[in-house]
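Coordinate analysis (summary)
Here's the letter readout for the chains.
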Number of protein chains: 2
Amino acid sequence: MTIILDGKKTAQKIISKISEEVFKLDVKPKLGVILAGDNPASLIYVNNKLKIAKEIGIEVDFKHFTQNLTNNEIIKKILEWNKDDSVNAILVQLPLPGILYAPSIIEKIDSKKDADGFTPYNIGQLILGYKPYAEPCTPKGIIRLLKEYNIEIEGKIAVVLGRSNIVGKPLSALLRQNNAAVINLHSKTSEKNILAFSKQADILVAAIGQPNYVTSEFVKDDAVVIDVGINRVNNKIIGDVDFKSVVDKASYITPVPGGVGPMTIAMLMENTLELYKNQHKKINPL
Amino acid sequence: MTIILDGKKTAQKIISKISEEVFKLDVKPKLGVILAGDNPASLIYVNNKLKIAKEIGIEVDFKHFTQNLTNNEIIKKILEWNKDDSVNAILVQLPLPGILYAPSIIEKIDSKKDADGFTPYNIGQLILGYKPYAEPCTPKGIIRLLKEYNIEIEGKIAVVLGRSNIVGKPLSALLRQNNAAVINLHSKTSEKNILAFSKQADILVAAIGQPNYVTSEFVKDDAVVIDVGINRVNNKIIGDVDFKSVVDKASYITPVPGGVGPMTIAMLMENTLELYKNQHKKINPL
């Protein structure tokens, strides 16, 4: 019997615990969110993050820049928040519109306030196996979901499809750190090789942005299948995994929506609280 | 016919070019080297690095700490060199004696002077696909050696045995960035899986510190075999690859010694010069 990895329920459980912790705090954590441009999908994501933060008592400061802007305007805001003790966590919604260069912007975020765990320092710490101030939300959420369901990672063969800076690369690093043998495939891997290695995966993660790409022939019997895809097709959200085709073959599988997505948001809330606690620990060692 | 990847000759070619460049400079690059303790192998490595640096006109400042010391003594020296404009590159020889904690020391090096490319910032930039100030010498040297021999990486299946912060992890990232499908295996991978995946490798890299571990049964016909191992057995240097067993099966293979080792040192010299040039570019934009 295939078990559906219920990211929504797991995320709610985590968020509810965070909410209880935040409730007890006199000074609430504050998350600064920057959105540039009017990408409809980004607007939905950001609004969802803001909504959940507010619901659980995390304060938000939302800065929405219009399409016509330079790197410097965003950087100015980041530097202001870096210095502002009342802002504990900073998030820049990606992707940024074409004229902006994300790496130069992201690296300006104080790593101690890096809600997404995307600064070079935090990514470096993650790769090296030392503690970053925050881990990227989607990879962190996937590992958490596996652990919540007691799915063993150590010694397993994990195949990660996709090598984005947001998911594929940091997730490969986290799986390796959890002692999986990690196979990272991408757009420059032949379809033949993608198929051949995917079929050997104990844990198969699809993060390539191609609707219904992974069908049953990619999946080994009883594999754990994680679908990171969020593809909008005819106003519907479609994953990278063809759920219907794969569901009976997998031992565990994440649905889309309701799988990885909610875990990502839960991890953002957790990162915000952790950054807050780390900053307050320094001010007051009690 | 198997081609021996001559790291010694390739490294000499690179070093000779660096030497010509350094010769023309009025102010010479300076490399600060820290060694802690009296590990005989480390002493040999450091002396070799110092010798080659001096030969090509790079100035060196060598600080040898005795075994009884704290993190802070080393960090004090690093901070001093960070501020000293005449020191362009800083290297802390690893491993450090047991009482010292390498991550806290390495991260104090100014990333702009990080000769080994080991700071979290530089590793983060490397992973993210952006330009670090310097790349780790051994992985950089391996990629360079492959390119000098026009060995294609894109689309190939690369298997990396070992996940050290010095070789396995950054090399996996560099191979991925060069568009290989990357399989990273390690001590928590079953021997059965190590064998099964190694046999599928177009490029097989052994960086596990186990003498003669890789024998012909691990190697696909015409694979490229890279041996990073430097194991001292009965006063002889033995690689991780059983050269005799593998040589006829591989298309290309590095010897030990004379393969990856010399390339590592050449890349250290290159990093030192590049850091120097980057620092001088800022002072004088011509």
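Keep in mind the model is a prediction, meaning the values are calculated, not measured. (Residues numbered from 1 in each chain as written. Chains lettered and ligands numbered in written order. Predicted model: local features only at pLDDT ≥ 70, side-chain atom pairs only at ≥ 80, totals over all residues.)

**Some points on the sheet that holds strand β3 (residues 59-65) of chain B**
Residue and element names in this part refer to chain B. Rules: Two strands pair if DSSP finds at least two bridges between them. Secondary structure follows DSSP: runs of H or I at least 4 residues long count as helices, runs of E at least 2 residues long count as strands, and numbering of each begins at the N terminus. Fitting a line to C-alpha atoms yields each axis, with helices limited to the stretch in contact; the angle taken between N-to-C directions then spans 0 to 180 degrees. For the purpose of contact definition, each residue receives a C-beta atom placed from its backbone, and two residues are in contact when these atoms lie within 7 Å.
On the basis of which strands lie adjacent, the open sheet formed by three strands has the order β3-β2-β4 and parallel pairing. Bordering the open sheet on either side are β3 and β4 (89-92), each of which pairs with just one other strand. When the angles between neighbouring strand axes are averaged without regard to direction, this sheet yields 15°. Sheet topology note: the strand β2 (residues 30-36)/β4 ladder contains four bridges and is parallel. Residue pairing across strands places V33 opposite L91, the latter belonging to β4. Strands in contact with helix α2 (residues 40-55) are β2 and β3; relative to β2, the strand with the most contacts, it is inclined by about 170°. Helix-sheet contacts for helix α3 (residues 71-83) involve β2, β3 and β4, and the interaxial angle to β2 is about 175°.

**A short note on the environment of L43 of chain B**
Checked against the element boundaries, L43 of chain B lands in helix α2. In sequence terms L43 of chain B and M1 of chain B are 42 residues apart; their C-alpha atoms lie 38 Å from each other.

**What about the sheet that holds strand β8 (residues 224-227) of chain A?**
By definition, the strands of a sheet pair up through backbone hydrogen bonds, in either a parallel or an antiparallel sense. Taken in spatial order, the 12 strands make up an open sheet running β1(A)-β11(A)-β8(A)-β7(A)-β5(A)-β6(A)-β6(B)-β5(B)-β7(B)-β8(B)-β11(B)-β1(B), and their pairing is mixed. Either end of the sheet is taken by a strand with one partner, and the two such strands are β1 (3-4) of chain A together with β1 (3-4) of chain B. Bridge count between strand β5 (residues 157-161) of chain B and strand β7 (residues 203-206) of chain B: four bridges; the pairing is parallel. By the bridge assignment, V160 of chain B is partnered in β7 of chain B with V205 of chain B. Relative to the sheet, helix α8 (residues 191-198) of chain A contacts β5 (157-161), β6 (181-185) and β7 (203-206) of chain A together with β5 and β6 (181-185) of chain B, its axis offset from that of β6 of chain A by approximately 155°.

**Let's talk about the interface of chain A and chain B**
Operational definition: Nonpolar residues are Ala, Val, Leu, Ile, Met, Phe, Trp, Tyr, Cys and Pro. Charged residues are Asp, Glu, Lys and Arg, and all others, Gly as well, are polar.
Each side of the interface is counted separately: chain A has 26 residues, and chain B has 26 residues. Contributing elements (two or more residues each) for the side of chain A that touches chain B: α5 (120-128), α7 (168-177) and β6 of chain A. Among the elements that line the side of chain A that touches chain B, the one with the most residues is α5 of chain A, at seven residues. The class makeup of the residues in the side of chain A that touches chain B is 12 nonpolar, nine polar and five charged.

**Overview of the packing of α5 of chain A against helix α5 (residues 120-128) of chain B**
How we decide: Should an angle fall under 35 degrees it is called roughly parallel, over 145 degrees roughly antiparallel, and 65 to 115 degrees roughly perpendicular, with every other angle called oblique.
Interhelical geometry of α5 of chain A versus α5 of chain B gives an angle of 90° and a closest axis separation of 7 Å. Our classification of the angle between α5 of chain A and α5 of chain B gives roughly perpendicular. In this structure, α5 of chain A uses P120, Y121, I123, G124, Q125, I127 and L128 of chain A to contact α5 of chain B, whose residues at the interface are P120, Y121, I123, G124, Q125, I127 and L128 of chain B. Class assignment of the residues belonging to the contact of α5 of chain A with α5 of chain B gives a composition of 10 nonpolar, four polar and no charged.

**Brief notes about the relation of the copies chain A and chain B**
Which entries qualify depends on this criterion: Copies overlap after least-squares fitting; the atoms used are the C-alpha atoms of residues with pLDDT of at least 70 in both.
With an RMSD of 0.0 Å, chain A superimposes on chain B once it is rotated by 180° and translated 0.0 Å along the axis. In short, the pair behaves as if placed about a two-fold rotation axis. Both copies present the same face, since 100% of the interface residues in chain A are matched by interface residues at the equivalent positions in chain B.

**Details of the domain arrangement of chain A**
Applicable threshold: What fixes the domain bounds is an automatic or database domain assignment.
If you check the domain split of chain A, you get domain 1 (26-110) and domain 2 (137-260). Here the C-alpha centroids of domain 1 of chain A and domain 2 of chain A sit 28 Å apart.

**Describing the nonpolar core**
Put simply, the rule reads: Each nonpolar core comprises buried Ala, Val, Leu, Ile, Met, Phe, Trp, Tyr and Cys residues, the members being joined through C-beta atoms within 7 Å. Three exposure classes are used, all based on how many other C-beta atoms lie within 10 Å of a residue's own C-beta (placed from the backbone): buried at 20 or more, exposed at 12 or fewer, and partly exposed between those limits.
A158 and V205 of chain A together with A158 and V205 of chain B are the most contacted members of the largest nonpolar core, which totals 172 residues. Setting aside residues up to four positions removed in sequence, A158 of chain A forms contacts with L175, A180, A181, V182, I183, A201, D202 and I203 of chain A.

**Quick notes on the pairing of strand β2 (residues 30-36) of chain A**
Residues and elements named next belong to chain A. The criterion, for reference: A clockwise path from the first strand over the helix to the second, with the strands pointing away from the viewer, defines a right-handed crossover.
Extensive coverage of β2 is indicated by the burial of seven of its seven residues. As paired strands, β2 and strand β3 (residues 59-65) are joined by seven bridges and run parallel to one another. Its bridge partner being in β3, V33 is matched across the sheet by F62. In the classification by handedness, the crossover that spans β2, the intervening helix α2 (residues 40-55) and the parallel β3 is right-handed.

**Notes on the pairing of β8 of chain A**
All names here are of chain A. The alternating pattern of β8 places V224 and I226 on one face and V225 and D227 on the opposite face, and all of these are buried. One ladder, built from four bridges, connects β7 with β8; its direction is parallel. Each bridged residue has a counterpart across the sheet, and for V205 the counterpart in β8 is I226.

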